[in-house]
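# Descriptive structure summary
So you can see what is in the structure, the chains are spelled out below.
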Amino acid sequence: MKELRDEIEAIALKEGFDRFGVSSAIPSEESLTFYSHWLQEGFHADMEYMATHLPLKGDLDTLLPGVRSVLAFSLPYFQESDRPETEGKIARYALGKDYHKVIRKKLGKVVQHLEGRFPGERHRICVDSAPTLDRVFAHQAGLGWFGKNTLLINSRTGSYFFIGLILTTLDLEPSEPSLGGCGTCQKCIEACPTGAIVLLGDRWAVDSRLCLSYLTIEHRGEFEDSVDLYGWLYGCDVCQEVCPFNQPRESQPERRPTTTVEEFLVHKQFPTLLELAQLPEDRWDELTQGSPIRRAKVEGLRRNARRVARGSAPGS
Ligand code: B12
Ligand code: SF4
Ligand code: SF4
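Now for a quick tour of the structure. (Residues numbered from 1 in each chain as written. Chains lettered and ligands numbered in written order. Predicted model: local features only at pLDDT ≥ 70, side-chain atom pairs only at ≥ 80, totals over all residues.)

## As for the site of ligand 3
Contacts to ligand 3 come from Gly-147, Lys-148, Asn-149, Cys-182, Cys-185, Gln-186, Lys-187, Cys-188, Val-242, Cys-243, Pro-244 and Phe-245. Tallied by class, residues from the shell around ligand 3 come to 7 nonpolar, 3 polar and 2 charged. (Near = placed C-beta within 6 Å. Nonpolar A, V, L, I, M, F, W, Y, C, P; charged D, E, K, R; others polar.)

Written out as C-alpha cells, the structure reads:
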C-alpha cells in the first residue's frame, strides 16, 4: 500500500497537485442529512440538479458499480489578477483554462498507471460536475476541514484549491480525516457582501440565492432590480480573500501558494465592461473557448457586465 501511495503521489505532484489521500466510498451520515436539510431550505436556488442528485449522493455504486475507495486530489489555483477592478472582478478560479478539462487530463495519468498495475479493476474520474460530495470525500481523505465559509481549508495552504476525485474498485486503506477549525473567527461571515453565509442548525451554510458566485454563474434570466453584484463580473472570492488561512506570513509562508499549473496561468484578456455589456455572439464564442466563464452563456455575461456597470444604484 505504501508503495502504491508513493507511486500515485509521484504522478500527482508532477501534475501540479499538492496533496492526495484516500477515503472509503461511503460519505458520512451527517453530511447526507445536512445536504437534504440544505435542499429543504431552498438554498440550492434554481440549481435543480442538486435536488435530482440527492439519491445518488449517498450511493457511489450508481456511478461505478463495485466502487470501494475514493482517491481525492487537491490542485492549487491561486494567482493574482491583473484585470482592473473597475472593469468587473473575475474570481481567480476562472482566470485560466477550464479546470474540469485540466483536472480530468491530469487524473487520466493516474488512472493509466492504475490500469497498468491492476488489470481487471475499474476507475472513474469525477471533477465537480458528477453527483458526488467532493468536499466530504476530500475531508475524509485528509485534504482539509470545513471552514465557516463552507470551503475546505487546509491548515498549511488555505482554500484556493480544486478537488478532483477518482472512484475505484480497489479496496485501499483510508487516510485519517483532517482535523482543524475556524475557532472564534467570523471574518468571512462579516465580509460577505450579501450575507449569504448563514447558520443552518449548528453549521454554517451558503444560501445560493444570495451568493454572488451563484448569481453571476448559475442564475439564468434577468436579475431582480435590487441585486447588486458588488463589482463581481464572474464568481466571487471575498470569503476566501479575508480568510486568515489564505494569508501568508513569515511563520506560514506556504499559505495560498501560487499555482504552477500552466493551463491556469495562461489566460485571455477580457474586454472592458462596456464592450462586454454588448458582446457580439461570435466574439463571446472566441473569447470563452476553453474557459469556465463560458458557463454563464453570452446572455449571462452581458447581463453581469450591465449590472456591474450600473453599480449599486437600482433603477439607474
Ligand atoms: C453547488 C456548488 C456551489 C454553489 C453552492 C456552494 C455551497 N457552499 O454549497 C455555488 C454556486 C454558490 C458555489 C460557489 C463556489 N464554489 Co462551488 N461547488 C458546488 C458543488 C457542485 C456542490 C456543493 C454542495 O454539495 N453544496 C451543498 C452544501 C450542503 O454543502 P456544504 O455547505 O459544503 O455542506 C457540507 C458539509 O457541511 C458536510 N457536513 C455536514 N455535516 C457534517 C458533519 C461533520 C462532522 C462533517 C465532518 C461534515 C459535515 O457535508 C455537507 C454536504 O456535503 C461542488 C462540487 C461537488 N460536486 O461537490 C463545488 C465546489 C464546492 N465549489 C468550489 C468552488 C471553488 C467554488 C467557489 C470558490 C467559486 C468562486 N470563486 O466563485 C465558490 C465558493 C462559495 C462558497 N463560499 O461556497 C470547489 C471548492 C473547493 C474547496 N476548497 O472547498 C468545489 C468543491 C468544486 C471542486 N471540485 O473543486 N458552488
Ligand atoms: S462567494 Fe461571495 S457572495 Fe458567496 S458566500 Fe462567499 S463572499 Fe458571500
Ligand atoms: S474567514 Fe475565519 S471563519 Fe471564515 S473560513 Fe476563514 S477562518 Fe473560518
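## Quick notes on the sheet that holds strand S2 (residues 69-76)
Pairing in this open sheet of 4 strands is antiparallel, and the strands run S1-S2-S7-S4 from one edge to the other. Looking at strand neighbours, the two that pair on one side only are strand S1 (19-24) and strand S4 (123-126), the edges of this open sheet. When the angles between neighbouring strand axes are averaged without regard to direction, this sheet yields 25°. For S4 and strand S7 (residues 161-168), the ladder comprises 4 bridges, and the chain directions are antiparallel. Bridge pairing in S7 places Arg-124 opposite Leu-167. Taken strand by strand, helix H5 (residues 99-117) contacts S2, S4 and S7, and its axis lies near 40° from that of S7. (Pairing = 2+ DSSP bridges. Helix = DSSP H or I, 4+ residues; strand = E, 2+ residues; numbered from the N terminus. Axes fitted to C-alpha atoms, helices over the stretch in contact; angles between N-to-C directions. Contact = placed C-beta atoms within 7 Å.)

## Remarks on the site of ligand 1
The environment of ligand 1 is formed by 39 residues, the closest being Ser-31, Phe-34, Asp-134, Ser-213 and Gly-235. When contributions to the shell around ligand 1 are tallied by element, the ones reaching two or more residues are helix H2 (29-40), helix H6 (134-140), S7, strand S9 (203-206) and helix H8 (212-218). Here the shell around ligand 1 gets 5 residues from one element, more than from any other, and that element is H2. A breakdown of the residues in the shell around ligand 1 according to their chemical character gives 22 nonpolar, 10 polar and 7 charged.

## A word on the nonpolar core
Formed by 77 residues in total, the largest nonpolar core has its most connected members in Leu-71, Ala-72, Tyr-77, Leu-165 and Tyr-234. Dropping the residues within four chain positions of it, Leu-165 is found in contact with Val-70, Leu-71, Ala-72, Cys-126, Thr-132, Asp-134 and Phe-137. (Core = buried A, V, L, I, M, F, W, Y, C linked by C-beta atoms within 7 Å. Buried ≥ 20, exposed ≤ 12 C-beta atoms within 10 Å, placed from the backbone.)

## Concerning H2
Under the 1.5 Å per step criterion, the end-to-end length of H2 is 17 Å for 12 residues, consistent within 8% with the ideal 16 Å. Gly-42 occupies a position one or two residues after H2 and carries a positive phi of about 80°. (Expected span 1.5 Å × (residues − 1).)

## Re the pairing of S7
Burial of S7 is extensive: 8 of the 8 residues sit out of reach of the surface. The sheet contact formed by S2 and S7 spans 8 bridges and is antiparallel. Looking at S7, one finds that Leu-71 is bridged to Ile-166.

## A look at the environment of Leu-152
For Leu-152, the location among the structural elements is in strand S6 (residues 152-153). Leu-152 sits in the buried class, given 20 other C-beta atoms within 10 Å. For Leu-152 and Val-136, which are 16 residues apart along the polypeptide, the C-alpha to C-alpha distance reads 8.9 Å. Leaving out residues up to four positions away in the same chain, Leu-152 has contacts with Arg-135, Ala-138, His-139, Leu-143, Gly-144, Trp-145, Phe-146, Ser-159 and Ile-163.

## Here we look at the packing of helix H1 (residues 2-14) against H5
Two elements in contact, H1 and H5, have axes whose closest approach is 9 Å; the angle formed by their N-to-C orientations is 155°. Overall, the two elements H1 and H5 adopt an arrangement that is roughly antiparallel. Judged by the sense of rotation from one axis to the other, the crossing of H1 with H5 is right-handed. Taken together, the residues of H5 that come into contact with H1 (itself represented by Glu-7, Ile-8, Ile-11 and Ala-12) are Lys-109, Val-110 and His-113. Across the contact of H1 with H5, the residue classes tally to 4 nonpolar, 1 polar and 2 charged. (Parallel < 35°, antiparallel > 145°, perpendicular 65-115°, else oblique. Left-handed = near helix turned anticlockwise from the far one by under 90°.)

This is a description of form; function is not addressed.
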